[in-house]
Amino acid sequence: MSYEQKLQLLISQDPENVLIRILEAGESAINAALLDGQLEKLKRKPIDEVEEPELAPGVDEFLVGLYRDQATFFGDRRKLSNSFHECDTDGERRLVSQSIQAVQRRIEHVRAQIRAYKNTGVIPAADDKYPVPADPMKLITLQASLRSSISRKVRECNEYSINEDKRLAAAEEKLRDLKTHLDRVQKAINDRNLQPG
């Protein structure tokens, strides 16, 4: 297996690995040794570290559903990881790697829901200040609208002179809100793996 193939395998199986940026700088004797070491660690590590639900009398069906979703995503990730070895080109490997990363984001999302539900008994509601629509088309439309609003607000901030510090501060605060809202919308789009069009 070539250095690039090994790197793509590491990215697909451990997308949060802190060495990926260093390894992407290119092949060298040190990077090759680091990469082999990371892949060896992955072989020894169980693929899925799934928390088992503590099902006691009075089973919480909602929590069981979350665990079921998590198990499904783990299965999806395993199948994608196995298909990675059948790829012939870098383009095919890149597509599989992107799909694995999308599934990994879903796993992280459902794990966060499980933690929140176990700690508080509820899934956190969406922040009213930064609404994230459930409808995919509305979500994509909102993303475009927020990007446009941010561009206009940046231009507005650049037009204020130093003497207009109050108006500039208000515009900058609004710009921060818009960027925060866009970040949340973008995360929802990534979590759901939505593509425009």
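Basis of the calculations
Residues numbered from 1 in each chain as written. Predicted model: local features only at pLDDT ≥ 70, side-chain atom pairs only at ≥ 80, totals over all residues. Heavy atoms only, no water. pLDDT = per-residue confidence, 0-100. Contact = heavy atoms within 4.5 Å. Salt bridge = Lys/Arg side-chain N within 4 Å of Asp/Glu carboxyl O. Helix = DSSP H or I, 4+ residues; strand = E, 2+ residues; numbered from the N terminus. Buried < 20%, exposed > 50% of the residue type's maximum accessible area, 1.4 Å probe, protein only. Axes fitted to C-alpha atoms, helices over the stretch in contact; angles between N-to-C directions. Parallel < 35°, antiparallel > 145°, perpendicular 65-115°, else oblique. Left-handed = near helix turned anticlockwise from the far one by under 90°. Nonpolar A, V, L, I, M, F, W, Y, C, P; charged D, E, K, R; others polar. Polar contact = N/O pair within 3.5 Å; in protein donor to acceptor, adjacent residues only side chain to side chain. Expected span 1.5 Å × (residues − 1).

Attention shifts here to the confidence of the model for the protein. In this model, the protein carries a mean pLDDT of 76, and residues with pLDDT of at least 70 account for 82%. With pLDDT under 50 throughout, residues 47-57 is counted as low confidence; its partners more than four residues away or in other chains account for 13 contacts.

The tally for this structure, following the rule as stated, stands at three salt bridges. Put simply, Lys 6 and Asp 36 hold a salt bridge, and the shortest N to O gap is 3.0 Å. Taken together, the positions of Lys 6 in helix α1 (residues 3-13) and Asp 36 in helix α3 (residues 29-44) put the pair 30 residues apart, joining distant regions of the chain. Lys 6 gets classed as partly exposed once you look at its relative accessible area, which sits at 22%.

Each pair of packed helices can be described by the angle between their axes along with the distance between the axes. Close contact between helix α4 (residues 61-84) and helix α5 (residues 90-120) brings their axes to 9 Å; oriented N to C, the two are set at 160°. With respect to each other, α4 and α5 are oriented roughly antiparallel. Handedness of the crossing formed by α4 with α5: left-handed. A per-class count over the contact of α4 with α5 returns 15 nonpolar, six polar and seven charged.

Below, the discussion takes up the side chain of Gln 143. With respect to the helices and strands, the residue Gln 143 is situated in helix α6 (residues 136-159). For Gln 143, a relative accessible area of 7% gives the class buried. A polar atom in the side chain of Gln 143 sits 2.5 Å from the side chain of Gln 186. With residues near it in sequence (within four places) discarded, Gln 143 still touches Leu 182, Val 185, Gln 186 and Ile 189.

Another point: α4. With 24 residues, α4 extends 35 Å between its outermost C-alpha atoms, agreeing within 8% with the 34 Å of an ideal straight helix rising 1.5 Å per residue. Turning to α4, its buried residues number three or more, namely Leu 63, Val 64, Gly 65, Leu 66, Tyr 67, Gln 70, Phe 73, Phe 74, Gly 75, Arg 77, Ser 81 and Phe 84. In this fold, the buried residues of α4 make contact with α1 and α5.

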